[in-house]
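# Working through the structure, step by step
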Amino acid sequence: MAREFDNVDDNADLGTASVLQITGDISVACYCYRTTSSQGHILGCYDPGGVNAGWAVARENVGDKFKYWSNGTNAWREATTAVGTTFEHRAVVISGTGAGAGTFYLNGSTDGTFTHTAPSEFTGTKRLGSRGGATAAEFWNGGLAHVAVWNIALSASEIEMHRRGFLPRANSLVGYWPLFGTVSPEPDWSGNNNHGTLTGTARIDHPPGISAVWLAPNPRVSQVAAAVPTVAYQPWYHRAPVL
């Protein structure tokens with residue numbers, strides 16, 4: 001399953017989630033689609049209305065481009081291709097703790113490159129489907145599934161592994177939200193337990209071509225109220241060996 005966000009108030013509040021206060025190498029990957037043309041955040045780890053710090057992954061309101069923000073660069077960087085209206089795999093990889101380089105991916109292929117200056121730490125609230133900060137805003141309009149964040153720069157082959165249903169570099173995985181669309185909170189299966197407290201969202205079908213559920217023991221994940229079975233499991237994704 002997956003979740004659809006309505007561009008009105010739907011989001012998942014991750015709390016302060018200090019593991020997402022990344023100021024060096026970073027990789028973000030997900031499945032997503034848009035339902036209308038409007039700016040919306042996939043993962044907001046910054047607050048443009050408050051302290052201008054941190055980073056974010058979103059969609060542009062002009063041209064619908066997948067994009068990445070760093071307050072170090074103080075500008076959005078956009079992929080080449082507009083976000084589609086059916087599920088597709090998107091990723092951005094940043095390499096460099098100061099001045100560095102970034103690469104966008106669409107369905108496993110490069111979709112643009114850019115230069116980058118690393119962000120400073122944002123200690124406020126982070127969200128899925130909205131920007132961060134004290135007040136949710138700039139909401140995603142469309143579907144999201146299998147949002148994952150690593151504190152390293154993944155290779156192109158590792159991005160392809162995520163697209164195919166694996167979690168590469170598990171020891172560097174700092175956040176993973178399948179968004180299975182069952183109950184709130186949505187579990188963070190990375191083992192860091194930054195579970196998403198939901199406002200709204202609708203349960204929708206899983207991205208096509210990927211097994212909906214594949215269960216394997218994952219002792220790193222703690223039980224989450226009614227959202228997780230008595231024995232903690234890693235759903236859908238096969239855990240790949242650390243490379």
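Quick caveat, the model's predicted, so the values are computed rather than measured.

Definitions and limits used
- Residues numbered from 1 in each chain as written.
- Predicted model: local features only at pLDDT ≥ 70, side-chain atom pairs only at ≥ 80, totals over all residues.
- Heavy atoms only, no water.
- Helix = DSSP H or I, 4+ residues; strand = E, 2+ residues; numbered from the N terminus.
- Buried < 20%, exposed > 50% of the residue type's maximum accessible area, 1.4 Å probe, protein only.
- Contact = heavy atoms within 4.5 Å.
- Areas by Shrake-Rupley, 256 points an atom, 1.4 Å probe, with all protein chains shown as cover.
- Core = buried A, V, L, I, M, F, W, Y, C linked by side-chain atoms within 4.5 Å.
- Pairing = 2+ DSSP bridges.

The next subject is the overall build of the protein chain. Helices and strands together make up the secondary structure of the protein chain, namely one helix and 19 strands. Split into buried and exposed, the 243 residues of the protein chain put 58% on the buried side. Pairs at least 24 residues apart make up 65% of the contacts formed inside the protein chain by residues separated by at least 6 positions. Carbon together with sulfur atoms contributes 50% to the accessible area of the protein chain, which is approximately 9,000 Å² in total.

Another aspect to go through is the environment of Val 19. Summarising the element assignment, Val 19 is placed in the loop between strand 2 (11–13) and strand 3 (26–34). On the basis of relative accessible area, Val 19 is assigned to the partly exposed category, the value being 28%. Put simply, Val 19 and Asn 192 are 173 residues apart on the chain and 7.9 Å apart in space, counted from C-alpha to C-alpha. If near-sequence neighbours (up to four positions away) are discounted, Val 19 is found in contact with Val 174, Asn 192 and Asn 194.

The subject of this paragraph is the nonpolar core. Counting 32 residues, the largest nonpolar core has Trp 55, Tyr 68, Val 92 and Val 149 as the members making the most contacts within it. Listed by contribution, the elements that provide at least two residues to this core are strand 3, strand 4 (40–46), strand 5 (54–59), strand 6 (65–70), strand 8 (88–95), strand 12 (141–150) and strand 14 (173–177). Looking at this core, the element that brings in the most residues is strand 3, giving four residues. Grouped together as the second largest cluster of nonpolar side chains are 13 residues, Ala 29, Val 93, Trp 150 and Trp 189 included.

Within helix 1 (residues 156–164), the full set of buried residues consists of Glu 158, Ile 159, Glu 160 and His 162. Residues of helix 1 that are buried in the fold lie against strand 3, strand 8, strand 9 (99–106), strand 12 and strand 13 (166–167). Where helix 1 ends, the next residue or the one after it, Gly 165, has phi of about 110°, a positive value.

We now examine the pairing of strand 8. Within strand 8, seven of the eight residues are buried, which leaves it mostly tucked inside the rest of the structure. In the sheet, strand 3 pairs with strand 8 via seven bridges, with the strands oriented antiparallel. Paired with Val 28 across the strands is Val 92, a residue of strand 8.

Here the bond from Ser 184 into Pro 185 is cis, since omega is 5°, no more than 30 degrees from zero. By the secondary structure assignment, Pro 185 is in the loop between strand 14 and strand 15 (197–199). Within the chain, Asn 74 stands out as a residue other than glycine whose phi angle is a positive 60°. By the secondary structure assignment, Asn 74 is in the loop between strand 6 and strand 7 (75–82). Within the chain, Thr 201 stands out as a residue other than glycine whose phi angle is a positive 80°. Mapped onto the elements, Thr 201 comes out in the loop between strand 15 and strand 16 (202–204). Since its relative accessible area comes to 17%, Thr 201 is described here as buried.

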